[in-house]
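Listed here are the chains, written in short residue letters.
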Amino acid sequence: MLSPAILIPAILNGLLIGAIYALVALGLTLIYGVLHIINFAHGALLSAAMFAAFFAFRLLGLDPYVAVFLLAPAFFALGYALQRFIIGPASHGDDRNMLLVTLGIAIVIENALLYAFRADTRTIDVPYAFQTIDFGFTFLAVPRVVGFVAVFGVALVLWVIMAFTDTGRAIRAVAREKLGAQLAGIDVAHIYAVTFGLGTACVAIAACLLIPTYYVNPRVGDAFVLVAFTIVVLGGMGSVPGALVGALLIGVAESLSGLFLGESLGHIGIFLIFIVVLLVRPSGLFGART
Amino acid sequence: MRAFFLIAAVLGVLAAVPLVVHSNVTLNFLVAALMIALVGQGWNILGGYGGQYSFGHAAFFGTGAYVTAILQVRYGVNAWFGFAAGIAAGAALGGALGALVFRSGLRGSYFALVTLAFAEVLRIIASVAPITGAGVGTLIKLDLGIRALQFQSRAVFYWIILALVGVSLVIAQLIERSRFGAWLIAVRENEDAAKALGVDASTVKSIAMVVSAAITAAAGCFYAQYFLFVDSGIAYGTWISVEALLTPIIGGVGTVFGPLLGALAVKGMGEGAKLLTGDAPGLDLIIYGAVLVLVIWIMPRGLIGGIANARKLLMRRAVPATPTGEVRRG
């Protein structure tokens, strides 16, 4: 059971899955870091993005790796609009209301998908879905390797935006001190919406990276988002490096516990990590203070 | 005292319904609405008065349902005792969870997440553990009669759930009027300020969680007796957690009658949607979600707040001499 021939691929695959988790978690942690709320619509948006990628392939013949360049901006706009025109005005500046409004949006999106496409599970066929790359000591699936590389590309782009652009500086200012930022002339409602848009764009990219090897149905996002909640809490809510490291850890933990305990108990493992971290060290590994 | 008369009057009117209406469809609808009102009242004690928004009240509902069912099926315990044990188990779970969560100082988003996670863990455990019947679920044997708390007539079940709702209304009213209720509301409005004035916030919240869990568990016990079947997707499913918060928020969060009003409105809308469009999957839930957002947006204090506002507006129009300097509420 413990032979390296089984363990090493399991760990590597865990890291590759963890990278996709990281992308979902990145969007979540970004939104938390600035708006200080958990976005309960994240999973439903992921499902919606996966359907979009699915239909881009089926109806327009767009490969998901091409469609991502359309879907990421489109979902940025969607996220921006959701925050600017629905979540922001509807919640009257109360955090608890914001949680409920994102939950309401999640219910609407998820069930609109269910209503339109029924509960059927769909997949797409791309030629590279089952191709592998030979690394000498192990084989890894092409889509997963692409996903891994892309995620770090996205993280790099986000870092550049945050560190070097005016918008990025404004986002950091709002995250640090909302009132002060407002006094300095920053449009907080706009920055909130930009942040929400960035988080939603992350979800669209994750969807395009997932769809070649994964299925889509109206509730597919939920599974990822529960894992993403765990990652965000583990890494420290609002911390970007925390989300990346946490995601890779969770990916490996899931892969190994799936190997030793079987599928459904492997999931319990994740929730237990989640609850223990919340109770013992709610600020997470990379403790961004709340 | 007036408040209790109002509760008695509402209960009296509702209790008369089965004497007039004999349609089983209507009674089934009302039983479902009252059951959700009970779940929502449980949520309202903690979420409405205490400001702690739980996203996992299914944990208590499911525990009540499973304990009632399992004690009867596997241990041959009497149904009445099973019912009481289910409520007690829910309360105990609420106490344990409250002690854990509030001592570690979890609030807001963190509290929402940890409650959600607890409900999910219980759901996964219930879907694999042999004692719950795992994926198959637990079926209570049909055994009509008072001893087994099973009745042929829908009306009897209706009166039982109405009585439970009545008790929950009285509990909410008592809390609202008590010193404990004042502490709880102080914690909701500003926890740090309440602490500074000497309120033991985490104990107050924990007690509210016990009461809240017990009420919601009672609805779970009732569910088990009414449908005689429990499985993990029903008992610990997300739908219960969502309806638990939906009803008080739509009806009027932190008010005695909010959950009851909200439950009737929510269930009414769901049925209306089904009538209009046939039994399309998801449609009633789309409406729930949209109404949730709209109510928070337009009527932050729910239907009860909306009614109060409308009445104030009418009165103002009727008496034009009202001074214009009245404080506007946001």
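Calculation rules
- Residues numbered from 1 in each chain as written.
- Chains lettered and ligands numbered in written order.
- Predicted model: local features only at pLDDT ≥ 70, side-chain atom pairs only at ≥ 80, totals over all residues.
- Helix = DSSP H or I, 4+ residues; strand = E, 2+ residues; numbered from the N terminus.
- Rg over C-alpha atoms; globule rule 2.2 N^0.38 Å.
- Buried ≥ 20, exposed ≤ 12 C-beta atoms within 10 Å, placed from the backbone.
- Contact = placed C-beta atoms within 7 Å.
- Axes fitted to C-alpha atoms, helices over the stretch in contact; angles between N-to-C directions.
- Parallel < 35°, antiparallel > 145°, perpendicular 65-115°, else oblique.
- Nonpolar A, V, L, I, M, F, W, Y, C, P; charged D, E, K, R; others polar.
- Core = buried A, V, L, I, M, F, W, Y, C linked by C-beta atoms within 7 Å.
- Expected span 1.5 Å × (residues − 1).
- Arc of directions from axis to C-beta.
- Left-handed = near helix turned anticlockwise from the far one by under 90°.
- pLDDT = per-residue confidence, 0-100.

Undergrad: So what's going on with the overall build of chain A? Which residues, and what values?
TA: Helix and strand counts for chain A come out as 11 helices and 2 strands. Going from the N terminus to the C terminus, chain A shows its helices and strands as α-α-α-α-β-β-α-α-α-α-α-α-α. Computed over C-alpha atoms, the radius of gyration of chain A comes to 19 Å, within 12% of the 19 Å expected from 2.2 N^0.38 for 290 residues, which places it in the range of a compact globule. Summarising its shape, the C-alpha atoms of chain A cover approximately 60 × 45 × 35 Å along the three principal directions. Scored against the burial criterion, the 290 residues of chain A give a buried share of 51%. Across chain A, the fraction of contacts at a sequence separation of at least 24, relative to all contacts at a separation of at least 6, is 76%.

Undergrad: Explain the overall build of chain B residue by residue, including any values.
TA: Helix and strand counts for chain B come out as 14 helices and 2 strands. Counting only C-alpha atoms and orienting by the principal axes, one finds that chain B spans roughly 70 × 50 × 40 Å. Sorting the 330 residues of chain B into buried and exposed places 50% on the buried side. Of the contacts made within chain B by residues no fewer than 6 positions apart, 76% connect residues no fewer than 24 positions apart.

Undergrad: I'd love a proper account of the packing of helix α11 (residues 238–251) of chain B against helix α12 (residues 258–277) of chain B, names of residues and values included.
TA: Residues and elements named next belong to chain B. At a minimum axis distance of 7 Å, the contact between α11 and α12 shows a crossing angle of 105 degrees. One finds that α11 runs roughly perpendicular with respect to α12. When α11 is examined against α12, the residues Leu246, Thr247, Pro248, Ile249, Ile250 and Gly251 are found in contact with a partner set consisting of Gly258, Pro259, Leu260, Leu261, Gly262, Ala263, Ala265 and Val266. Taken together, the residues that form the contact of α11 with α12 break down as 10 nonpolar, 4 polar and no charged.

Undergrad: How would you summarise the interface of chain A and chain B if you had to cite specific residues and measurements?
TA: On the side of chain B, 33 residues touch chain A, which itself brings 33 residues to the contact. Listed by contribution, the elements that provide at least two residues to the side of chain A that touches chain B are α3 (64–91), α4 (95–117), α9 (220–235) and α11 (263–280) of chain A. With 14 residues, α4 of chain A is the largest single contributor of residues to the side of chain A that touches chain B. Among the residues making up the side of chain A that touches chain B, the classes are represented as 24 nonpolar, 7 polar and 2 charged.

Undergrad: Lay out the environment of Tyr226 of chain B with the relevant residues and their values.
TA: All names here are of chain B. As for its position among the elements, Tyr226 is in helix α9 (residues 201–227). The class of Tyr226 is partly exposed, set by 19 C-beta atoms lying within 10 Å. Considering only alpha carbons, one finds Tyr226 and Trp239, 13 residues apart in sequence, at a separation of 18 Å. Apart from the residues lying within four places of it in its own chain, the contact partners of Tyr226 are Val31 and Phe157.

Undergrad: Help me get a handle on the nonpolar core, residues and values and all.
TA: Residues and elements named next belong to chain A. Counting 212 residues, the largest nonpolar core has Tyr21, Ala22, Val24, Ala49 and Ala53 as its most contacted members. The dominant element in this core, judged by the number of residues it contributes, is helix α1 (residues 4–35), at 17 residues. Leaving out residues up to four positions away in the same chain, Ala53 has contacts with Pro64, Ala67, Leu71, Ala207, Cys208 and Ile211.

Undergrad: Describe in detail unusual backbone geometry, supporting the description with residues and values.
TA: Residue and element names in this part refer to chain A. Positive phi, close to 50 degrees, is recorded for His92, a residue that is not glycine. You can see His92 is positioned in the loop between α3 and α4. For His92, a count of 13 C-beta atoms within 10 Å puts it in the partly exposed group.

Undergrad: Outline helix α5 (residues 108–128) of chain B, listing residues and values.
TA: Over its 21 residues, α5 of chain B extends 31 Å from the first C-alpha to the last, a length consistent with the 30 Å expected when each residue adds 1.5 Å. In terms of burial, α5 of chain B is largely enclosed, as 16 of its 21 residues are buried.

Undergrad: An account of helix α7 (residues 179–189) of chain B is requested, with residue identities and associated values reported.
TA: Along an α-helix, residues three or four apart share an orientation, since each turn contains 3.6 residues. All names here are of chain B. Trp183, Leu184, Val187 and Arg188 are the residues of α7 that are buried. Axial view of α7: buried residues confined to an arc of 140 degrees, hence all on one face. Exposed and facing more than 90 degrees away from the buried side of α7 are Arg179 and Glu189. Against α2 (24–49), α8 (191–196) and α9 lie the buried residues of α7.

Undergrad: Break down the environment of Glu177 of chain A for me, with residues and values.
TA: Relative to the assigned elements, Glu177 of chain A resides in the loop between α6 (166–176) and α7 (178–183). Along the backbone, Glu177 of chain A and Val34 of chain A are 143 residues apart, and their C-alpha atoms lie at a distance of 9.6 Å.

Undergrad: How would you summarise the packing of α3 of chain A against α4 of chain A if you had to cite specific residues and measurements?
TA: All names here are of chain A. Packing of α3 against α4 leaves a shortest axis separation of 8 Å and a crossing angle of 130 degrees. With respect to α4, the element α3 is oriented oblique. In terms of crossing hand, the pair formed by α3 and α4 is right-handed. Residues Leu82, Ile86, Ile87, Ala90 and Ser91 of α3 form the contact with α4, whose participating residues are Asn97, Met98, Val101, Thr102 and Ile105.

Undergrad: How would you explain the confidence of the model for chain B if you had to name every residue and give the values?
TA: Residue and element names in this part refer to chain B. Across chain B, the average pLDDT comes to 88, with 96% of residues at or above 70. Mean pLDDT across the secondary structure elements of chain B bottoms out at helix α14 (residues 302–318), with 84, and peaks at α9, with 95. Confidence drops under a pLDDT of 50 for residues 321–330, and excluding neighbours within four residues, the segment shows 2 contacts in the predicted structure. Note on the complex model: pTM 0.87, ipTM 0.86.

Undergrad: Tell me about the environment of Asp143 of chain B, residues and numbers included.
TA: With respect to the secondary-structure elements, Asp143 of chain B resides in the loop between β1 (138–139) and α6 (154–177). When sequence neighbours within four positions are dropped, the list of residues in contact with Asp143 of chain B reads Ala148 and Gln150 of chain B.

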